[in-house]
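Residue-level structure breakdown
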Amino acid sequence: MPNEDRELFHNFVTKLQTENDIKPILNDIKNMFSFKPPSNAKNTLTCLGVSNIIRCLDVQDKANVDLTCEVLKICFDKFGAGDVIKHFTGHIMYLLRHDKDCVRRLAVDEVFKSVKTDQSSFPVAQHIDVFVAVAQLICDKDVGVATKAVTITSDLPPEVYPKILEEMKIALDENSSSKCHAYEVVCNIAMKSPELFTLCVEHGYIDHMISELSTDDILYQLNILELLSRFAVKPYGIHYLVKEGGLDKTASLIGDVQRNPLSGLMLPGYLKFFGSIAHHYPREIFAKYPVFLNSLFEAIDSSDQSVVLPVALDTLGFIGTTIEGKLCLAAVGGQFIQAVDKVGDLIKNNVTEIKIRALNCLASLINVERDKAKSNPIDHRVTLMTREWFRSLNKPNGSMEFLFEMVKNPFPDIKLAAFILLDAVCQHMWGEQEVARVAGFVEYLLDRSVSDTKETKEARYDIIKRLARSSAFESNILTRLQKYVEDGPFYMETNLQVAMEEGD
């Protein structure tokens, strides 16, 4: 910044110490820096500092405090990520502990920038006091400050976590919201590596979380379940929960939930918890915790369609996403077959939200490409099973005829869910053959005049790409399918737009 500008800024900050009405001076500083190049502004602020501006925060006038925060933000924005902490460490510490919410928000936002950049260029460990101060803000009364503090504290280099985990203990004597924030940080840290998980165990956090499931606070209990499920899918996480009895205790609580008049609120949390683990370890969970499966199948048949049933459908589909999950579900036998039939009934006769969840559930059960082992040949048993499951949609005219009607549904969300199911079906030869058998289905898929959303056009295109490689169609149909693929999903849109422009 030129010397005259530096002198001008010096005059402004001097006036802040002597004038009673500081608003005009703050506005002058704001206007001065708003349009200055970062390099010039940064040089002046580094040399002359921001101390006198920060002193303007210690007034009762809220308008003055807000304006001061606005000025400081403009000043800080002239620096690169992390540079404000490097140059003004003491000031940032002061701002993080300020009694006014807007000031803490300003400071925590600035620290947030430092962890969202390349941390190799910012020495977090050298500024550990700043991050300890941020960790203490997970209990902040301002939700925005507390949430951002959780995000920052969860994304630091491993070497600083011993100190950070010590600080989490401050929240355990606070309210349930603060406890949840502390446990969220703990879980995020525990998921990073077996070593950090062990550190969390040594601090007693994991056992304490499990013991908290006995609380009478339902929302708190559900939050704890959700957090536990995050690291429970890690091999070391599930091993610890099994070894120390945490999973047994959680399973025993499902029975208590079913006897609780508030089970409609609690059961979805337990289904999500065990469902997330069963997605990764279906054989082990099914064998050891039949209470979970019984609860899941009962929930599929539930009359509570507002809370329990949607979660049960999502959980069943999530477990059945993998090949191992499909085989384990099929091995259950009659209970599972009844559940699949129920899913088919829900698709045929229910409210829109349940229809969509049921369509997505059946799509997950039939889909074979989401599994990481998709490069291997599909197990012949899966081919036979998925064909039978699809028949749960059977109507007098057949399952594929019914699905044909669904993809023509005028409601975009139902139509998209139907296309997702069709895409899963077309991953199988039997599905391609069924599409070829139904009169008018391919012609409908190739009809670009049909009004679709962008997502549905893309889903339709993905299906046609599959069919264009299929041996289920005659050569003339394959030629049309391949031409559609060559032209792309939005071909008609482009041509219409060009035609309109030419007409103008």
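From N to C terminus, the protein includes 32 helices and 0 strands. Scaling as 2.2 N^0.38, a compact globule of 504 residues should have a C-alpha radius of gyration of about 23 Å, whereas the protein reaches 30 Å, well beyond that. Counting only C-alpha atoms, the protein reaches 90 × 70 × 40 Å along its principal axes. Within the span of the protein, comprising 504 residues, buried residues form 51% of the whole. At a minimum sequence separation of 6, the contacts of the protein that also span at least 24 residues come to 69%.

On to the side chain of E432. With respect to the helices and strands, the residue E432 is situated in helix α28 (residues 429-437). Although E432 lies buried, it forms no salt bridge, and the closest oppositely charged side chain, R469, sits 7.0 Å away as judged by the N-O distance. One polar contact links E432 to S470, side chain to side chain, over a distance of 2.7 Å.

Quick reminder: α-helices carry 3.6 residues per turn. Residues three or four places apart thus point the same way. With 13 residues, helix α31 (residues 475-487) should cover 18 Å at 1.5 Å per step; its first-to-last C-alpha distance of 18 Å lies within 8% of that length. Of all the residues in α31, the buried ones are I477, L478, L481 and Y484. Across the axial projection of α31, the buried residues extend over an arc of 120 degrees, all falling on one side. Seen from the open side of α31, the exposed residues pointing more than 90 degrees away from its buried face are S475 and E486. Lining the buried residues of α31 we find α29 (441-446) and α30 (454-467). G488 sits one or two positions beyond α31 and adopts a positive phi of about 95 degrees.

Further remarks concern the nonpolar core. In this structure, I29, L96, F131, F292, L422 and L481 are the most contacted members of the largest nonpolar core, which totals 179 residues. No other element matches helix α24 (residues 352-366), which puts 9 residues into this core.

Below, the discussion takes up the side chain of K78. One can find K78 in the loop between α5 (62-76) and α6 (83-87). As a buried residue without a salt bridge, K78 has its nearest oppositely charged side chain in D77, at a separation of 7.9 Å. At 2.9 Å, the side chain of K78 and the backbone oxygen of F33 are in polar contact. Not counting residues within four places of it along the chain, the set of residues in contact with K78 comprises F33, S34, K36, P38, A41 and K42.

With respect to the helices and strands, the residue R283 is situated in helix α19 (residues 282-288). A sequence separation of 79 residues divides R283 from G204, and the C-alpha atoms of the two residues are 30 Å apart. Excluding its chain neighbours within four sequence positions, the residues that come into contact with R283 are E324 and C328. Of note is the side chain of R283, whose polar atom sits 2.7 Å from the side chain of E324.

Reading the values: the criteria
Residues numbered from 1 in each chain as written. Predicted model: local features only at pLDDT ≥ 70, side-chain atom pairs only at ≥ 80, totals over all residues. Heavy atoms only, no water. Helix = DSSP H or I, 4+ residues; strand = E, 2+ residues; numbered from the N terminus. Rg over C-alpha atoms; globule rule 2.2 N^0.38 Å. Buried < 20%, exposed > 50% of the residue type's maximum accessible area, 1.4 Å probe, protein only. Contact = heavy atoms within 4.5 Å. Lys, Arg positive; Asp, Glu negative; His and termini not counted. Salt bridge = Lys/Arg side-chain N within 4 Å of Asp/Glu carboxyl O. Polar contact = N/O pair within 3.5 Å; in protein donor to acceptor, adjacent residues only side chain to side chain. Expected span 1.5 Å × (residues − 1). Arc of directions from axis to C-beta. Core = buried A, V, L, I, M, F, W, Y, C linked by side-chain atoms within 4.5 Å.

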